[in-house]
Amino acid sequence: RSYLDWLLELPWQAGDPDRIDIGEARAILNADHFGLEPVKKRIIEFLAVRKLKPEGHGPILCLVGPPGVGKTSLGQSIARALGRKFVRASLGGVHDEAEIRGHRRTYIGAMPGRIINALTTAKSANPLLLLDEIDKLAADYKGDPSSALLEVLDPEQNKTFKDNYLDIPFDLSEVLFITTANNAETIPAPLLDRMDVIELPSYTRTEKWNIAKRHLLPKQLKNNGLTGRVSVAPGALYEIIDSYTREAGVRTLERTITEVLRKCAKKIAAGETDKINVSAGTVKALLGPEKIKPTFISRTDAVGIANGLAWTSVGGEMLPVEVQLIPEGSGKIELTGSLGDVMKESARLAVTYARVHAAEYGISADTIKNSDIHIHAPEGAVPKDGPSAGVTLTTALISAYAGIPVMADLAMTGEITLHGNVLPIGGLKEKSMAAFREGISTVLIPQDNASDLFEVDAEVKKAIRFIPVSDLEQVLKQALRMQTPA
């Protein structure tokens, strides 16, 4: 009986045809999202192709970006622009193949998989189905759900998708699949190959302010019954962004705005006042001391400290590296700060480069031979690894050996070879955002990454001077306060 119920509930007939108006779609995306211009442009191109060839099988879009930048809400906006039903299936923590493909009817408690479930919920054969957190799929002895998704997301195969429970083919070719992920690196390669990745960057301070002003504040004023009773000054929003939140997206920002409004609601409900104007000073009085402490980076020109840049799945971070020489030693190397294998190897490359090129920077052979080296990356409790710290390690090391200060308003990223060539890195957009956030004025990047500057936010490019470098000699010439080697 339940099997027949499922068959009857499934939308076998074709759904509503797409009604795509490119102008209207652009207006919807602009109304729902501030910034994200390259992403909107890519979505408009996608919709334009869809309009000209409705029966064509377009790419499966995969929205990749840090938490809270609006991946799920972009999916909802695309559904609105197409006039399709929107349905979401979260894949975070799914570790059983049957969750995707369904259980065989011979098992007790058998059910269809999430795909068939979502179509039944949407009551349409062509909804927009958002597969959330596709990078967080797990696998165990019950099978690999990412392998089951290969058939679902392949336009050539999903015309005859067979759920184990239904045991009859169902046509998924009309469904528009969009997936989201925080980190494309953890998506299995065969699955990633079927998707067209669109990267969503972190938001700048100005973008966050505009999002708060246009979207978050009106929404929370309405939710808290304070529309017309509370006004928030522009300075107050900047105070919340700068002193109480640090994130790539705007989720914590929304929570903090809500916290301010709750405290205002308490005063109004208690009859203390009728209207409240929230200023920057009021924010401090309501929320208490600033929650965001300054990042530990080198703020003054210092010997043996260089500012590096790191990529994380929640945005870019500054990664300072410290080097101390211990006299009367034996040339021993100590590495601390939860460094991974790749960074340990980078440190050894840095030491070799320093020894080979010692004479160029006025470093005596005795200094190298009779000094122990201690290399440390602060925030020791946080594991750090990745192929982009070689340049920073070498700069800090040469600086410590030669006694030449490293410029404080300069950050760098790049991996090195044994002969001192600088290799390209990934995540330049996120790393440049971290440098921008900390007020860095110059960033050294690998020569091969110069073309990636096209993707960097215009506001960031205006504030930071990017210098492409191809070898360590160029890096040290720019980074060390003495422009010419001693």
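First things first, this report covers the structure right here in the doc. (Residues numbered from 1 in each chain as written. Predicted model: local features only at pLDDT ≥ 70, side-chain atom pairs only at ≥ 80, totals over all residues. Heavy atoms only, no water.)

### Some remarks on the overall build of the protein
Next, step 1: Across its full length, the protein carries 18 helices and 18 strands.
Next, step 2: Once the C-alpha set of the protein is aligned to its principal axes, its extents read approximately 85 × 60 × 45 Å.
Next, step 3: In the protein, buried positions account for 50% of the 486 residues.
Next, step 4: Of all intrachain contacts in the protein linking residues separated by at least 6 positions in sequence, the fraction that spans at least 24 positions is 78%.
Next, step 5: Carbon together with sulfur atoms contributes 53% to the accessible area of the protein, which is approximately 22700 Å² in total.
Next, step 6: Of note, the protein has its 57 positive side-chain charges centred 7 Å away from the centre of its 61 negative side-chain charges. (Helix = DSSP H or I, 4+ residues; strand = E, 2+ residues; numbered from the N terminus. Buried < 20%, exposed > 50% of the residue type's maximum accessible area, 1.4 Å probe, protein only. Contact = heavy atoms within 4.5 Å. Areas by Shrake-Rupley, 256 points an atom, 1.4 Å probe, with all protein chains shown as cover. Lys, Arg positive; Asp, Glu negative; His and termini not counted. Charge placed at Lys NZ, Arg CZ, Asp CG, Glu CD.)

### Concerning the sheet that holds strand β11 (residues 315-326)
Next, step 1: The strand order across the open sheet formed by seven strands is β12-β13-β11-β10-β14-β17-β18, and the pairing between neighbours is mixed. Each having just a single partner strand, β12 (333-336) and β18 (465-469) make up the two edges of the open sheet. On average, each strand axis in the sheet is inclined to that of its neighbour by 25°, with strand direction left out of account.
Next, step 2: The sheet contact formed by strand β10 (residues 305-312) and strand β14 (residues 410-412) spans two bridges and is parallel. Looking at the pairing, Gly308 lines up with Met412 of β14.
Next, step 3: With respect to the sheet, helix α13 (residues 341-356) is in contact with β11, β12 and β13 (372-376), its orientation differing from that of β12 by roughly 145°.
Next, step 4: The strands touched by helix α15 (residues 390-402) are β10, β11, β13 and β14; relative to β11, the strand with the most contacts, the crossing angle is about 30°. (Pairing = 2+ DSSP bridges. Axes fitted to C-alpha atoms, helices over the stretch in contact; angles between N-to-C directions.)

### A few points about the side chain of Ser388
Next, step 1: Secondary-structure assignment places Ser388 in the loop between β13 and α15.
Next, step 2: The class of Ser388 is buried, set by a relative accessible area of 12%.
Next, step 3: A polar contact is formed between the side chain of Ser388 and the side chain of Lys431, at a distance of 3.1 Å.
Next, step 4: Not counting residues up to four positions away in its chain, the partners in contact with Ser388 are Leu309, Thr413, Gly414, Glu415, Ile425 and Lys431. (Polar contact = N/O pair within 3.5 Å; in protein donor to acceptor, adjacent residues only side chain to side chain.)

### So, unusual backbone geometry
Next, step 1: A positive phi angle, close to 55°, is found at Lys123, a residue other than glycine.
Next, step 2: Of note, the phi angle at Ser338 is positive, near 55°, even though the residue is not glycine.
Next, step 3: You can see Ser338 is positioned in the loop between β12 and α13.
Next, step 4: Residue classification places Ser338 among the partly exposed residues on the basis of a relative accessible area of 34%.

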